[in-house]
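Understanding the architecture of this molecule
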Amino acid sequence: MSTTDEFPPQPISSLTAELVGSLTERTQEVLSYLVKTNSISTYFNDAASLSDFRNVLGLTTEGQLDSELLSKPDELFRAYHNTVSLSKYSDYQPFISRFFEEPCQTSAVENLMAPGMPFFIVHSSGTSGATPKCYPKYRHPEHMSTSTSHVMKASNPVSKNGGKNCVVYSLVSRRVVAALDADGQIDRRMPVCIMSTGTVRMFNDMVVDRDPFYQTLKLPNNSSPLAVSYIPNYSSMLFVHALFAVQERQLELINAMFTIVFRDFCHTIGNNWDTILDCIETGKIPHLEGIDHVRESLERYFKADPKRTAELRTIDTKAPGWFTKVWPNLHTAFAISSGSFVMPVPEIRKYIGPDIPLNTLGITCSEAFLALPYDQRDPSLYKVVGSDEIIEFLPEDAPEESQYVIQTWQVEVGKRYEVILTTRDGLWRFRLNDIVEVVGFDPRDGQPIIHYVRRRDGGLRVANEITTEDQLRQVVLSASELLGNVSEFCVAADYRKTLPRYAFFVESQDSISTSASSAVAQVRIALFEQNDNYRTETLANKIGTPVIRVVRRGTFGEYREWKVRKDNIAAGQIKVPTVVCNAEVLQFLEERVTEEFSLPTTAMP
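Parameters and conventions
- Residues numbered from 1 in each chain as written.
- Predicted model: local features only at pLDDT ≥ 70, side-chain atom pairs only at ≥ 80, totals over all residues.
- Heavy atoms only, no water.
- Helix = DSSP H or I, 4+ residues; strand = E, 2+ residues; numbered from the N terminus.
- Rg over C-alpha atoms; globule rule 2.2 N^0.38 Å.
- Buried < 20%, exposed > 50% of the residue type's maximum accessible area, 1.4 Å probe, protein only.
- Contact = heavy atoms within 4.5 Å.
- Areas by Shrake-Rupley, 256 points an atom, 1.4 Å probe, with all protein chains shown as cover.
- Lys, Arg positive; Asp, Glu negative; His and termini not counted.
- Charge placed at Lys NZ, Arg CZ, Asp CG, Glu CD.
- Axes fitted to C-alpha atoms, helices over the stretch in contact; angles between N-to-C directions.
- Parallel < 35°, antiparallel > 145°, perpendicular 65-115°, else oblique.
- Left-handed = near helix turned anticlockwise from the far one by under 90°.
- Nonpolar A, V, L, I, M, F, W, Y, C, P; charged D, E, K, R; others polar.
- Pairing = 2+ DSSP bridges.
- Expected span 1.5 Å × (residues − 1).
- Polar contact = N/O pair within 3.5 Å; in protein donor to acceptor, adjacent residues only side chain to side chain.
- Salt bridge = Lys/Arg side-chain N within 4 Å of Asp/Glu carboxyl O.
- Phe/Tyr/Trp six-rings, centres within 6.5 Å; stacked < 30°, edge-to-face > 60°.
- Lys NZ or Arg CZ within 6 Å of the ring centre and 35° of its normal.
- pLDDT = per-residue confidence, 0-100.
- Arc of directions from axis to C-beta.

Looking at the overall build of the protein chain
A count of helices and strands for the protein chain gives 22 helices and 20 strands. Computed over the C-alpha atoms, the radius of gyration of the protein chain is 25 Å, within 12% of the 25 Å expected from 2.2 N^0.38 for a compact globule of 605 residues. Dimensions along the principal axes, computed over C-alpha positions, put the protein chain at roughly 75 × 60 × 55 Å. In the protein chain, which comprises 605 residues, the proportion classed as buried is 54%. Contacts in the protein chain between residues far apart in sequence, at least 24 positions, make up 68% of those at least 6 positions apart. Carbon and sulfur atoms make up 49% of the accessible area of the protein chain, which amounts to about 26000 Å² in all. Separation between the mean location of the 61 positive side-chain charges and that of the 75 negative ones in the protein chain comes to 5 Å.

Section: the packing of helix α12 (residues 259-271) against helix α17 (residues 345-352)
Interhelical geometry of α12 versus α17 gives an angle of 40° and a closest axis separation of 10 Å. In terms of axis orientation, α12 runs oblique to α17. Of the two elements, α12 crosses α17, and the hand of that crossing is left-handed. Residues Thr-259, Phe-262, Arg-263, Cys-266 and His-267 of α12 form the contact with α17, whose participating residues are Val-345, Glu-347, Ile-348, Tyr-351 and Ile-352. In terms of residue class, the contact of α12 with α17 is made up of six nonpolar, two polar and two charged.

Observations regarding the sheet that holds strand β20 (residues 593-597)
With mixed pairing, the four strands of this open sheet are ordered in space as β17-β18-β19-β20. Strand pairing shows two members of the sheet lacking a second neighbour, β17 (486-494) and β20, which therefore form its edges. Taking each pair of neighbouring strands and ignoring which way they run, the sheet shows an average axis angle of 25°. In terms of strand pairing, strand β19 (residues 547-551) meets β20 through four bridges, oriented antiparallel. When the bridges of β20 are listed, Val-550 appears paired with Glu-595. Strands β17 and β18 (501-508) of the sheet are contacted by helix α18 (residues 469-479), whose axis makes an angle of about 120° with β17.

Concerning helix α11 (residues 234-247)
Each α-helix turn comprises 3.6 residues. Residues three or four places apart therefore point the same way. In a regular helix each residue adds 1.5 Å, so 14 residues correspond to 20 Å; α11 covers 20 Å between its end C-alpha atoms and thus fits that length. For α11, the buried fraction is high: 13 of the 14 residues fall into the buried class. Two or three places before Ser-235, at the opening of α11, Asn-233 has a side-chain oxygen 3.1 Å from that residue's backbone nitrogen.

Side note on the sheet that holds strand β11 (residues 369-373)
Pairing within the open sheet is antiparallel, and its seven strands lie in the order β10-β11-β12-β16-β15-β14-β13. Edge positions in the sheet fall to β10 (363-364) and β13 (390-395), since each of these pairs with one other strand and no more. Pairing geometry for strand β15 (residues 430-441) and strand β16 (residues 448-455), over seven bridges, is antiparallel. Pairing of Gly-440 across the sheet is with Ile-449, part of β16.

Quick notes on the pattern of salt bridges
In the structure shown here, the tally under the stated rule is 34 salt bridges. Residue Arg-431 pairs with Glu-418 through a salt bridge whose shortest N-O separation is 2.7 Å. Highlighted residues: Arg-431 in strand β15 and Glu-418 in strand β14 (residues 416-422), separated in sequence by 13 residues. Through salt bridges with shared partners, a single network forms among Asp-494, Arg-496, Arg-501, Arg-549, Glu-590 and Glu-596.

Some points on unusual backbone geometry
The peptide bond linking Glu-102 to Pro-103 adopts the cis configuration, its omega dihedral lying at -5°. Tracing the backbone through its elements, the reader meets Pro-103 in the loop between α6 (89-96) and β1 (104-105). Even without a glycine there, the phi angle at Asp-205 is positive, about 55°. Inspection of the secondary structure puts Asp-205 in the loop between α9 (195-203) and α10 (211-214). For Asp-205, a relative accessible area of 44% corresponds to the partly exposed category.

Remarks on the packing of aromatic side chains
What the rule picks out here adds up to 25 aromatic pairs. Aromatic side chains Tyr-43 and Tyr-92 sit 4.5 Å apart centroid to centroid with 25° between the ring planes, which places their arrangement in the stacked category. Of the two residues, Tyr-43 is situated in helix α2 (residues 42-46) and Tyr-92 in helix α6; the sequence distance between them amounts to 49 residues. Comparing Tyr-43 with Tyr-92, the two get one shared label, buried. Directly above the aromatic system of Phe-7 lies the positively charged group of Arg-377, at a separation of 3.8 Å from the ring centroid. The ring of Phe-258 is capped by Arg-461, whose NZ or CZ atom sits 4.6 Å from the centre of that ring.

Regarding the pairing of strand β6 (residues 186-193)
Along any regular strand, the residues point their side chains to alternate faces of the sheet. In this sheet, β6 lies alongside strand β2 (residues 120-123) in parallel orientation, the contact comprising two bridges. If you follow Ile-121 over to β6, its bridge partner there is Val-192. One ladder, built from six bridges, connects strand β5 (residues 175-180) with β6; its direction is antiparallel. Considered in β6, the bridge of Ala-179 is made with Arg-188. Taking the residues that link successive antiparallel strands as the turn, the β5-β6 hairpin has five residues, and the phi of Gly-184 there is positive, at about 80°.

Remarks on the side chain of Ser-155
In this fold, Ser-155 is placed in helix α8 (residues 146-155). A relative accessible area of 7% places Ser-155 in the buried class. Not counting residues up to four positions away in its chain, the partners in contact with Ser-155 are Val-167, Leu-253, Asn-255 and Leu-361.

Things to note about the confidence of the model for the protein chain
Chain-level statistics for the protein chain give a pLDDT mean of 89 and a share of 93% at 70 or above. Residue range residues 1-5 is modelled with pLDDT below 50. Its contacts to residues more than four positions away, or to other chains, number five contacts.

Notes on α6
The complete set of buried residues in α6 reads Tyr-89, Tyr-92, Phe-95 and Ile-96. Projected down its long axis, α6 shows its buried positions confined to an angular sector of 120°, all on one face. Of the surrounding elements, those touching the buried residues of α6 are α2, β3 (134-137) and β15.

Laid out in C-alpha cells, this is it:
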C-alpha cells in the first residue's frame, strides 16, 4: 500500500518565471536533439511539409545542418514554430507503406523516419479508415527513453519479499516484416504489433528470431512462463495466466494494462474456478485452442499441487473481494481506469475488494508516450512527459492551424486542447486527435497535469480497437431500414455478458419489423467492413456479438429536456453524444429500453 509520503504535491494553478524558464529550456533541448538526430531521415529530407524548415536550417544536399543555428536554441525553436505545419497520418502513409511492399528492401526503409531500422512497427488500436495505422518504432538512447523505462520497471517490479507478479500481456505479432539486403538475404525481421507488445520486446531486446527460445523461459518474479504470452487465442491466454496465477500463493501484483482486460481475467477465474482447481490438483493443463505450440513449455512449469488446491477449496467465491483470500499478499493491481475504462471498475472491485489500489501506468498511444500517472489516488490525473518528445497544444476551439499551437508553459488551467506531437520516431507536429483538459501544473518542474477527455472525433473501444463516431454512424445507417428507420442513436460499451460488446441504443421513426433481429447480423457485418481491428478482435474472441436496444419514442427529446433541467443550459447547446460513457446517461437510456435484439454466437455469420 502507498503511504501519504509517496504522494505528489498538490498541483499549482499558475507557473512561476523559474518554471517557465525550465520548461522552455527543456523543450529547446529536446528539439535540438530531434533535429540533429532525425534530419538524416528520408521523411525529413523529402516531405514537402518540412521544406520551409529545411530551408531555414540551411540543410545541404548531403543532409548537413547549419551548425550556427543549432547553437542558438531560441532561434531554432522560433524557426520550428513558424515553419513546421500540422501533420496527419496521410502525410506519412506513403513513406511508411514502403515497409509493406513485397519484397521490403532495406535500402528503401533504412533511415526512413529516424536513423537506422525500427525495432518494431506498431499498429494502432483505431483509425479513421478500415486499415490500422502503422508507425515504425526505433530504439533510442537511455536519456531519451525515461518514460518507457519508468513504466516498464513499475509494471513488473522485483519484490523484496520474493513475491510474484501476474503480468497479462501478449508477445504475439500481427505479422513480421522481413527486410532484404542487396543480395536478397534477410537483413532484419520487424514484428508488426500493438504498442505494449513492441515496448516489452524492445525494452528487453526480444528479437522475433529468438522467440522459440523465449518461449522456454520463466522470469523469476512472474507467475506465468513467457510461453503464455505467445498464445494467440485471447480466452486461452487468459485461462492459462489464471492457472499459473491461482497456483501461486505468493502473488503480490496483477498487471492487466486495461480494466477491460482485468475484468476478463477476473471472469476467467470466477467462471472456471472448479476447472482451475482440478488442474492445479492434477498438474494437467486442459486442451485449449492455440496452445499446442507452447504446451511443452507450459507443462514444464505447471506441476500438481494438492496442498494448494485444498487451501483454495475453502475459499468462498461469492464473498466480496475474494481474490484477497486467493492471494493474501496481493497489494497492487495495474489497469488503466480513466475515461471509458472506468466502467468495469465496480465489477473488478467485487473480486479484489475496496482496498487494493487500482493503479494506472500512464497514457500511451501508438504515436508516442504522452503522460505518466500523477497521483495514484486519482487515476484520471496524468502528468505530461516532457523529457522524450515535444508535446504541444492546440486549443480545442482554435482554428486547426499551426500558428495557434502553444507550448506547455502557455496552457491555462480549465481549458481543453488537442495534443500535438513531435517525436523521436520521426513525427513532426502530428495531430494526435486526443483532447485533454489542463487541471494544474507540477510545482516541481512545471509540467502540465491533465485529464484525458476524449478523441476529437469520438470513438468507442472495448478491446484493442477504436471505432470512430463516423464509422458507428455508417454502421447504423446500414441497418436503419430493418429497425424502422432510425431517427437518433448512441452507442455504449456493454459489460453485462462475459465478453464486452457494443450496445446500440436506437430510437425509430416507424414500427419495428418482425425481421428486426436480422439487423444485428447486419450491424456486425458493417462493423467488420468499417474497422479491421474490430473484426480481428471479434474473431479472437475478445468482443461479443453487438446488441441493439430499442428505446421508446421520444427518448432523445426527453434526454435534452432532462439535460436542460439538470445542467441549466440552453436546449440548443445539447447534443446527444454518439458514444456514451457517463453512467447517469446510460441509466437514463436503460430505463427507456422497450426491446432488445441480439443473437447467439452460433447464429452469426
